[in-house]
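# Summary of the model geometry
Here are the chains, one letter per residue:
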Amino acid sequence: MGKHPVIAAAVTAVTVGALAVAAAAPAQAAEYHSALKIRGVQYDAPGSDSNRCSGGNTDEEYVTIKNYSSSATINLKNYLVKDAAGNRFRFTANHYLQPGDYVKLRGGNGSDSDSRNVVYRDNCNFMWNNSGDTIYLDKPSGSRSDVHAYTKRGSDPDNNGYIRFHN
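Below, the structure is looked at part by part.

Procedures and definitions
- Residues numbered from 1 in each chain as written.
- Predicted model: local features only at pLDDT ≥ 70, side-chain atom pairs only at ≥ 80, totals over all residues.
- Heavy atoms only, no water.
- Pairing = 2+ DSSP bridges.
- Helix = DSSP H or I, 4+ residues; strand = E, 2+ residues; numbered from the N terminus.
- Core = buried A, V, L, I, M, F, W, Y, C linked by side-chain atoms within 4.5 Å.
- Buried < 20%, exposed > 50% of the residue type's maximum accessible area, 1.4 Å probe, protein only.
- Lys, Arg positive; Asp, Glu negative; His and termini not counted.
- Salt bridge = Lys/Arg side-chain N within 4 Å of Asp/Glu carboxyl O.
- Polar contact = N/O pair within 3.5 Å; in protein donor to acceptor, adjacent residues only side chain to side chain.
- Axes fitted to C-alpha atoms, helices over the stretch in contact; angles between N-to-C directions.

Our next topic: the pairing of strand 10 (residues 144-151). Of the strand pairs in this sheet, strand 9 (residues 132-138) and strand 10 are connected by seven bridges, and their pairing is antiparallel. Within strand 10, the position partnered with Gly-132 by the bridge is Thr-151. Linking strand 9 to strand 10, which pair antiparallel, is a turn of five residues; within it Gly-142 sits at a positive phi near 100°.

Spelled out as structure tokens, the structure:
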């Protein structure tokens, strides 16, 4: 341990204590240094929820992901969007976001389109809970790009089913 075992033990205790404090911080409080952010979520599709593939309204539920970089183009391939329950969608195709560009990741089935800024999950189940949920956006490396938690009661004062997180 060297010449100063008491000092080394104190430094170790402080370091372990700092790690415990850092680990206790909620994930939602973190601000990730990433140009790709969750701009907002339409967590409650207008009208009565119907997850039928034909005639349902899951395509009216979406999360908007925006490239806030002033110069870098970002390819969404292999980015992962998930919720607190573990429902997930991975972008498997190339989808390039120019600086300031966005994409709406919609439920339901449809044709993905760069020109219309839309990607469909090809899943007719609703992903976002109407009462509240947490939205995670993870980079292909597995590190976090952005995360936001919401509750209908606390995050949506106009009660329109849409919450904006970033401008």
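Anyway, onward from the coordinates.
Here we take up the nonpolar core. Residues Val-41, Val-81, Phe-91, Trp-128 and Ile-135 are the most contacted members of the largest nonpolar core, which totals 23 residues. Elements that contribute at least two residues to this core include exactly strand 1 (36-42), strand 2 (62-67), strand 7 (102-106) and strand 9. Among the elements that make up this core, the one with the highest residue count is strand 1 (three residues).

We now examine the side chain of Asp-146. The residue Asp-146 is located in strand 10 in this model. No salt bridge is formed by the buried Asp-146. Its closest oppositely charged neighbour is Lys-37, at 4.5 Å. Looking at Asp-146, its side chain comes within polar contact range of the main-chain nitrogen of Ile-38, at 2.8 Å.

We now examine the sheet that holds strand 1. Taking strand neighbours across the sheet as the criterion, the five strands line up as 8-7-2-1-11 in an open arrangement whose pairing is mixed. The sheet is open, and its two edges are formed by strand 8 (118-120) and strand 11 (162-164), each paired on a single side. Strand-to-strand, the axes of this sheet are offset by a mean angle of 25°, without reference to chain direction. Relative to strand 11, strand 1 is paired through three bridges, and the arrangement is antiparallel. If you follow Val-41 over to strand 11, its bridge partner there is Ile-163.

Strand order in the open sheet made by the four strands is 5-4-9-10, with antiparallel pairing throughout. Edge positions in the sheet fall to strand 5 (88-90) and strand 10, since each has one partner strand and no second. On average, each strand axis in the sheet is inclined to that of its neighbour by 10°, with strand direction left out of account.

You can see Ser-131 is positioned in the loop between strand 8 and strand 9. Residue class for Ser-131 comes out exposed when judged on its relative accessible area of 59%. Considering only alpha carbons, one finds Ser-131 and Asp-44, 87 residues apart in sequence, at a separation of 9.0 Å.

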